[in-house]
Amino acid sequence: MKKILFAFAIVLLSVTVQAQTALKVHSSGQLSLQSTTTSNGIQIPSNGVMSIEPNITSAYLVTAQTKAFHLLSKSWVLNMITSDPSLAPSGLLFYVNGNGNTYASNYYVFNSGGNGSGGLGGGDTKNQSPIVEATELTLGMKGYYWDSDEFGEITPEELENSEEIVPEALDGILKDLRRSKTIGLDAEVLEEVLPEAVRHTAEGNVGVNYNAVVTVLVEAFKEQQAKIEQMEAVLRENGLLR
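Conventions we followed
- Residues numbered from 1 in each chain as written.
- Predicted model: local features only at pLDDT ≥ 70, side-chain atom pairs only at ≥ 80, totals over all residues.
- Heavy atoms only, no water.
- Helix = DSSP H or I, 4+ residues; strand = E, 2+ residues; numbered from the N terminus.
- Salt bridge = Lys/Arg side-chain N within 4 Å of Asp/Glu carboxyl O.
- Buried < 20%, exposed > 50% of the residue type's maximum accessible area, 1.4 Å probe, protein only.
- Polar contact = N/O pair within 3.5 Å; in protein donor to acceptor, adjacent residues only side chain to side chain.
- Contact = heavy atoms within 4.5 Å.
- pLDDT = per-residue confidence, 0-100.
- Phe/Tyr/Trp six-rings, centres within 6.5 Å; stacked < 30°, edge-to-face > 60°.
- Pairing = 2+ DSSP bridges.
- Expected span 1.5 Å × (residues − 1).
- Core = buried A, V, L, I, M, F, W, Y, C linked by side-chain atoms within 4.5 Å.

### Focus on the environment of valine 198
- Looking at where valine 198 falls in the secondary structure, it is placed in strand β11 (residues 198–200).
- Considered as a pair, valine 198 and asparagine 209 are 11 residues apart in the sequence and their alpha carbons are 6.1 Å apart.

### A look at the pattern of salt bridges
- All told, the structure shown has 4 salt bridges when counted by the stated rule.
- Of the charged contacts, one joins lysine 181 and aspartate 147 as a salt bridge, the two residues approaching to 2.6 Å between their closest N and O atoms. With lysine 181 in strand β10 (residues 181–185) and aspartate 147 in strand β9 (residues 143–147), the pair connects residues that are 34 residues apart, well separated along the chain.
- On the accessibility criterion, lysine 181 (46% relative accessible area) is partly exposed.
- Taking the relative accessible area as the measure of exposure, aspartate 147 reaches 64% and is therefore exposed.

### A word on the side chain of serine 32
- Relative to the assigned elements, serine 32 resides in strand β2 (residues 31–33).
- Residue serine 32 is classed as buried on the basis of its relative accessible area of 0%.
- A polar side-chain atom of serine 32 sits 2.7 Å from a polar atom in the side chain of histidine 26.
- At 3.2 Å, the side chain of serine 32 and the backbone oxygen of threonine 37 are in polar contact.
- Apart from the residues within four sequence positions on either side, serine 32 is in contact with Ala22, Leu23, Lys24, His26, Thr37, Thr38, Ile42 and Gln43.

### With respect to the confidence of the model for the protein
- Considering every residue of the protein, the mean pLDDT works out to 74; 61% of them sit at 70 or more.
- Segment residues 15–19 is flagged for pLDDT under 50; beyond a separation of four residues in sequence, or across chains, it makes 4 contacts in the model.
- Between residues 111–122, whose pLDDT stays under 50, and residues either more than four places distant or in other chains, the model counts 24 contacts.

### Digging into unusual backbone geometry
- In this structure, glutamate 133 is a non-glycine residue whose phi angle is positive, near 55 degrees.
- Summarising the element assignment, glutamate 133 is placed in the loop between β8 (102–105) and α2 (134–139).
- For glutamate 133, a relative accessible area of 56% puts it in the exposed group.

### Notes on the packing of aromatic side chains
- Across all of its chains, the model carries 1 aromatic pair by this definition.
- Note on tyrosine 144 and tryptophan 146: the rings are 5.9 Å apart at their centroids and 50 degrees apart in plane angle, and the pair reads as tilted.

### Here we look at the pairing of β9
- The element β9 is largely exposed, with a buried count of 0 among its 5 residues.
- Sheet analysis places β9 next to β10, joined by 5 bridges and oriented antiparallel. Bridging from a neighbouring strand, aspartate 147 pairs with lysine 181 of β10.

### Comments concerning helix α6 (residues 210–237)
- For α6, built from 28 residues, the straight-helix expectation of 40 Å at 1.5 Å per residue is met to within 8% by its first-to-last C-alpha distance of 41 Å.
- For α6, the complete set of buried residues consists of Val213, Val216 and Ala220.
- Buried residues belonging to α6 abut α2, β10, α5 (187–193) and β12 (206–208).
- You can read the cap of α6 off the contacts: a side-chain oxygen lies 3.1 Å from the backbone nitrogen of asparagine 211, and it is on asparagine 209.
- Just beyond α6, the residue with positive phi is glycine 239, at close to 70 degrees.

### Structural notes on the nonpolar core
- One finds Ala134, Leu137, Met141, Leu185, Leu190, Leu194, Ala197, Val198, Val213, Val216 and Ala220 forming the largest nonpolar core, which totals 11 residues.
- Only α2 and α6 provide two or more residues apiece to this core.
- Counting residues per element, this core draws most heavily on α6, at 3 residues.
- Contacts of valine 198, omitting those with residues within four sequence positions, involve Ala187, Leu190, Glu191, Val206 and Gly207.

Next comes the structure, spelled out in structure tokens:
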């Protein structure tokens, strides 16, 4: 890990020198790029937890903070705090792990209201239409198990010795490390069935919006429940159901 951090610092240093950007190594061992102080620019302390300073505050009181935990989780963390609930809920933490996984905590999607107010994940309710034949859409989806390599070459010893893991979380993370499978939908098949739940990246990858899939599953369940109730009514009329 130290070799990786050193190589990363060398790359940043070379880019910095080419761009004639400020650089300073502090007495604590912390490296500052694009700044000579620890309160601005890219900061790399001796523990390897890189951050971009300062926090950025917009007119809507949104505070964003990014950190890369190279020692273990190798992730970028975005912390958003705002007084405007249509922009983001207070205390949103969004993580992008080094293995490509993303997740958020304390996250809610604010749909647009009838008054036209905007929000995260919002749509215009004036143009909304119901989801029909959700059962058929669900039957067209295909789920699979895949071999998983989320942790790469991280060993149990690295996890046990990491300062980034609180003791009460260690047991669960070690369990995750032993899991060799992951599960998900085939994105290419899903695109044929529900293209609204699929997006493409500039690198040629296909992503799945599982929130959209869950919405279809809810409607499919309601369709199935309506059919069950209809069959129960027929059986009851014919004295075949108590």
